[in-house]
Amino acid sequence: DGKQEVAVAFDFPGYKDMSPAGHVRLLDDDGKEKWQRRLQSPVTAIAAVDPDGWGKFLIAAGTEAGEFMVLFGDNSVRWYHELGSRVLRLLSGDVDDDQQEEIVAVAEHHLMALDDDGSLLWERRSTNPAVDATLGDFEGSVGRPVALLSSRVGLQGSTVELIDIRGGTAESYPRPSAACL
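Our subject in this report is the structure included herewith. (Residues numbered from 1 in each chain as written. Predicted model: local features only at pLDDT ≥ 70, side-chain atom pairs only at ≥ 80, totals over all residues. Heavy atoms only, no water.)

**Structural notes on the nonpolar core**
Working step 1: Of all hydrophobic cores here, the largest spans 16 residues; its most connected members are Phe-68, Val-70, Leu-83 and Leu-90.
Working step 2: Put simply, the parts of the chain that give this core at least two residues each are β4 (43–49), β5 (58–63), β6 (67–71), β8 (87–93), β9 (102–107) and β10 (110–114).
Working step 3: Residues contacting Phe-68, with those up to four places away along its chain left out, are Ala-60, Ala-61, Gly-62, Trp-79, Tyr-80, His-81, Leu-83, Leu-90, Ile-103, Ala-105 and Leu-114.
Working step 4: Counting 14 residues, the second-largest nonpolar core is a separate cluster that includes Leu-88, Val-106, Ala-130 and Leu-135. (Core = buried A, V, L, I, M, F, W, Y, C linked by side-chain atoms within 4.5 Å. Buried < 20%, exposed > 50% of the residue type's maximum accessible area, 1.4 Å probe, protein only. Helix = DSSP H or I, 4+ residues; strand = E, 2+ residues; numbered from the N terminus. Contact = heavy atoms within 4.5 Å.)

What follows is the structure in structure tokens.
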């Protein structure tokens, strides 16, 4: 309808015989609920994404249990993936220099870049848990790499890696002095 809407995520802590769960809710421009979707576990990441480049945003949501889905504005699921560990962050941008927006899902032990149709561009698994990630056109880099901060024990063994457009490590910086992205 051309009006701004708001997607929110919230957790339900459980009550009596109802188990804890996460929810994604879409509100219209007046703040009224358009729909709500219940997920199996608490929502840990949510983002508005436009992988088609049409100017119509979709809702990407990730959960504590590692579920990752992209929803249309009518609450139908466009695609769904299991990441196996808690989703920390959902990023969108042109990861592979094709002038189209892709989606990167960052889970504790899994990093996945997906095309607009949900097909896998690349993925990485790690024994070191991810802490955070960001996507950008970093100076001196080719394409728009993902910067991934991971840690072995707290921030004592942390590294920042620049992940290239094919999912490989372009550069790695062990034990940064400022470990935040």
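**Observations regarding the side chain of Asn-75**
Working step 1: With respect to the helices and strands, the residue Asn-75 is situated in the loop between β6 and β7 (77–82).
Working step 2: Given the relative accessible area of 17%, Asn-75 is considered buried.
Working step 3: Setting aside residues up to four positions removed in sequence, Asn-75 forms contacts with Trp-35, Gln-36 and Arg-37.

**Focus: the sheet that holds strand β14 (residues 159–163)**
Working step 1: What the four strands build is an open sheet, ordered β12-β13-β14-β15; its pairing is antiparallel. What marks the edges here is a single partner per strand, and that holds for β12 (130–135) and β15 (169–174). Put simply, the sheet's adjacent strands are angled 15 degrees from each other on average, direction ignored.
Working step 2: Here β14 pairs with β15 via five bridges, running antiparallel. Among the inter-strand pairings, Ile-163 is bridged to a residue of β15, identified as Thr-169. (Pairing = 2+ DSSP bridges. Axes fitted to C-alpha atoms, helices over the stretch in contact; angles between N-to-C directions.)

**Considerations on the sheet that holds β9**
Working step 1: Pairing in this open sheet of four strands is antiparallel, and the strands run β8-β9-β10-β11 from one edge to the other. The sheet is open, and its two borders are formed by β8 and β11 (120–125), each paired with just one other strand. Sheet twist, expressed as the average angle between the axes of neighbouring strands with direction ignored, equals 10 degrees.
Working step 2: With five bridges connecting them, β9 and β10 associate as antiparallel partners. Bridging across to β10, Val-104 finds its partner in Ala-113.

**What to know about the pairing of β14**
Working step 1: Taking burial as the measure, the five residues of β14 include five buried ones, the bulk of the element.
Working step 2: Burial along β14 is two-sided: Thr-159, Glu-161 and Ile-163 facing one way and Val-160 and Leu-162 facing the other are all buried.
Working step 3: Strand direction decides the pairing type here: strand β13 (residues 146–150) and β14, joined by five bridges, are antiparallel. The residue of β14 that forms the bridge with Ala-147 is Leu-162.

**Let's talk about the pattern of salt bridges**
Working step 1: For the structure on display, the rule yields six salt bridges.
Working step 2: Two residues, Glu-108 and Arg-86, come together in a salt bridge whose shortest N-O distance is 3.0 Å. Highlighted residues: Glu-108 in the loop between β9 and β10 and Arg-86 in the loop between β7 and β8, separated in sequence by 22 residues.
Working step 3: Here Arg-86 falls in the partly exposed class, since its relative accessible area comes to 28%.
Working step 4: Residue Glu-161 is joined to Arg-124 by a salt bridge in which the shortest nitrogen-to-oxygen separation is 3.1 Å. (Salt bridge = Lys/Arg side-chain N within 4 Å of Asp/Glu carboxyl O.)

**Thoughts on the environment of Leu-88**
Working step 1: Examined against the element boundaries, Leu-88 turns out to sit in strand β8.
Working step 2: The spacing of Leu-88 and Ala-107 is 19 residues in sequence and 5.2 Å in space, taken between C-alpha atoms.
Working step 3: Here Leu-88 is in contact with Thr-44, Ala-45, Val-106, Ala-107, Glu-108, Ala-130 and Val-131, once residues within four sequence places are set aside.

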